[in-house]
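Inside the fold
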Amino acid sequence: NESMGQNRLILGGQVLFVGMLMLCFMLYLDLFRKDYYQRKGSLSLLFTLIVFYSVITAFMVTHNIFNVYIIPYAMLPIIIRVFLDSRTAFLTHVITILICSISLRFPHEFILTQLAAGLVAIFSLRELSQRSQLFRTALLVILTYAAIYFAFELMTENGLSTDFSKLNIRMYTYFIINGILLLFTYPLLFLLEKTFGFTSNVTLVELSNINNDLLRQMSETVPGTFQHSMQVANLAAEAANKIGAKSQLVRTGALYHDIGKMENPVFFTENQAGVNPHKTLSNEQSAQVVIGHVTNGLKLAEKYNLPKVIKEFISTHHGRGKTKYFYISYKNEHPDEQVDESVFTYPGPNPQTKEQAILMMADSVEAASRSLPEYTEESIGNLVDKIIDSQVAEGYFRDCPITFKDIAIAKGVFKEKLKIAYHTRISYPELKK
């Protein structure tokens, strides 16, 4: 009966210990990462990983199956780093390792080796977009395990300092197996993405490959729009880089933002070859066709299973803006009438993130730059200022966290890039006969 009571006390202690750690974790989220409470996928991913690793460790220790050093703990911070951010990745790793250490005989060395390996994994993987990066990380993790464990062996009193034959070779084999298991993170990311509704950089890089069905179709049916999207992607990605936004996300969003134009290609100037079908339509009809490229784009995105973040670029790249050309033409033709503005207004919403704001700016600037009568430093500078200042004045960026400083930096990038894109070449001399 005494052992029963003893067991109860141990269990009570473990529950208290885990409870305290989880409380600390929840406090961290509440202080620094409140937005994860809004996105259900983030919280479920974090808790699923913590519970999974704790259960696996306890199971392996109680049933004495393998050595726990085989379990690739570094996979946890890598997954969180790829989907969320490094700070959360490290803290979740610390909490998980501390919880797992309760069930071990020698928790001290376990905690130190795992923490070092986790830190190295986070540092070596800034962003995962190629498979080779994972190989490098796995190698570094194996080396870290080995180095820390070797240091332990030197420090502890097992006579290693005099005789190297006492090295625990089995442990080093476990570390290598651990590193090999770490490589399975890559296929696992795909499953986790689909389960928890994330979009990793790996997926964004795959989507921005222009041999994709949708993008290839676009380059064939609407070459003008495709060209425009490529230019916008370059402008937006560089601006995002400069202001610390997610450049790969903007680049991919920019490639897909106008896919809806594939439905009625000839109604968009960049795809017209001298014939303008708008001449046969009224201003209201024309506006509806042009606005339709947003709704058509969303339908196509649905059909091709594009991730939610990409769909958001399609719906926000014009925000709640108006089709200026047809709106103003209509007002000029009906000066005394009350205009139904909804006919000329895009469905929106306005940009909600920095990335969406950058795309909106880059899209307008690139499109307008094509209609400049001459390309001088001054004309390009004035155009960029005029367009972006009017977007700010109309309040398109009120719902997103972009700052005036960010906008100024983005303007600078657009001016530089457009100047280079439209530079005039010198004319070559003709060979005199």
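Quick look at the structure, then. Every chain's residues receive numbers from 1 upward, in the order its sequence appears when written. In keeping with the model being predicted, local features are shown solely for residues with a pLDDT of at least 70 and side-chain atom pairs are shown and tallied solely at 80 or more, while totals for entire chains, interfaces and linings include all residues. To obtain the side-chain values, all non-hydrogen atoms of the structure were used and water was disregarded.

**Some thoughts on the pattern of salt bridges**
Where we set the bar: Any Lys or Arg side-chain nitrogen located within 4 Å of an Asp or Glu carboxyl oxygen qualifies as a salt bridge. Relative accessible area decides the class of each residue, using a 1.4 Å probe on protein chains only: under 20% of the type maximum gives buried, over 50% gives exposed, and in between gives partly exposed. Helix numbering and strand numbering both begin at the N terminus, where a helix is a DSSP run of H or I of at least 4 residues and a strand a DSSP run of E of at least 2.
For the structure on display, the rule yields 19 salt bridges. For R39, the salt bridge goes to D35, with nearest N and O atoms at 4.0 Å. Residue class for R39 comes out partly exposed when judged on its relative accessible area of 42%. On the basis of relative accessibility, which here comes to 39%, the residue D35 falls in the partly exposed class. Between D385 and K411 there is a salt bridge, with the nearest N and O atoms lying 3.7 Å from each other. In this pair, D385 sits in helix α18 (residues 377–393) while K411 sits in helix α19 (residues 404–421), placing the two residues 26 residues apart along the sequence. For D385, a relative accessible area of 24% gives the class partly exposed.

**Description of the packing of aromatic side chains**
Operational definition: Stacked, edge-to-face and tilted are the three classes for Phe, Tyr and Trp ring pairs, Trp counted by its six-membered ring, which pair at centre distances within 6.5 Å; planes under 30 degrees apart are stacked, over 60 edge-to-face, the rest tilted.
Overall, the coordinates contain 16 aromatic pairs when judged by the stated rule. Seen in terms of ring centroids, Y53 and Y73 are 5.6 Å apart; in terms of plane orientation they differ by 35°. Their pairing is tilted. With Y53 in helix α3 (residues 40–63) and Y73 in the loop between α3 and α4 (75–83), this residue pair connects regions lying 20 residues apart in the sequence. As far as burial versus exposure is concerned, Y53 and Y73 are alike and both buried.

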